Amino acid sequence: MLKITLVKSMIGRPEKHRNVLRGMGLTKLNRTVELQNTPSVRGMVDKVSHLVVAEEK
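Here the structure is a predicted model, which means the values were calculated and not measured.

Draft legend 1. Spotlight on the overall build of the protein chain. Along its length, the protein chain carries two helices and three strands. Moving toward the C terminus, one meets the helices and strands of the protein chain in the order β-α-β-α-β. The C-alpha radius of gyration of the protein chain comes to 10 Å, within 12% of the 10 Å expected for a compact globule of 57 residues. The principal-axis extent of the C-alpha atoms belonging to the protein chain is close to 30 × 20 × 15 Å. In the protein chain, which comprises 57 residues, the proportion classed as buried is 26%. Sequence separation of at least 24 residues holds for 67% of the intrachain contacts in the protein chain that already meet a minimum separation of 6. A total accessible area of about 3800 Å² is found for the protein chain, and carbon and sulfur atoms account for 51% of it.

Draft legend 2. Local environment of helix α1 (residues 15–24). Every buried residue of α1 is listed here: Val20, Leu21 and Met24. Along the long axis of α1, the arc covered by the buried residues comes to 95 degrees, so they all point the same way. Glycine 25, located one to two residues past α1, shows a positive phi value of around 90 degrees.

Draft legend 3. Quick peek at the pattern of salt bridges. One pass over the full model with this rule turns up four salt bridges. Between glutamate 15 and arginine 18 there is a salt bridge; the shortest N-O distance is 3.7 Å. Linking glutamate 15 with arginine 18, this pair stays in helix α1, spanning three residues, or about one helical turn. Using a relative accessible area of 42% as the deciding quantity, one classes glutamate 15 as partly exposed. Between glutamate 15 and arginine 22 there is a salt bridge, and its shortest N-O distance comes to 3.4 Å. Looking at arginine 22, the relative accessible area reads 42%, which means it is partly exposed. Taken together, the shared-partner salt bridges in this structure form one network comprising Glu15, Arg18 and Arg22.

Cut-offs applied
- Residues numbered from 1 in each chain as written.
- Predicted model: local features only at pLDDT ≥ 70, side-chain atom pairs only at ≥ 80, totals over all residues.
- Heavy atoms only, no water.
- Helix = DSSP H or I, 4+ residues; strand = E, 2+ residues; numbered from the N terminus.
- Rg over C-alpha atoms; globule rule 2.2 N^0.38 Å.
- Buried < 20%, exposed > 50% of the residue type's maximum accessible area, 1.4 Å probe, protein only.
- Contact = heavy atoms within 4.5 Å.
- Areas by Shrake-Rupley, 256 points an atom, 1.4 Å probe, with all protein chains shown as cover.
- Arc of directions from axis to C-beta.
- Salt bridge = Lys/Arg side-chain N within 4 Å of Asp/Glu carboxyl O.

As structure tokens, then:
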């Protein structure tokens, strides 16, 4: 499992980044979601790594 927290705002970010964040279920600042540690989720985290903090649980 990965614990992913949105730590920077998505305001002013490209639409692709916003779509990735919404796809992970992150819509508000400091919101945390737990997702399975799969290659697709890892790829999503890599795309927006400057906006989120990911911890392995």
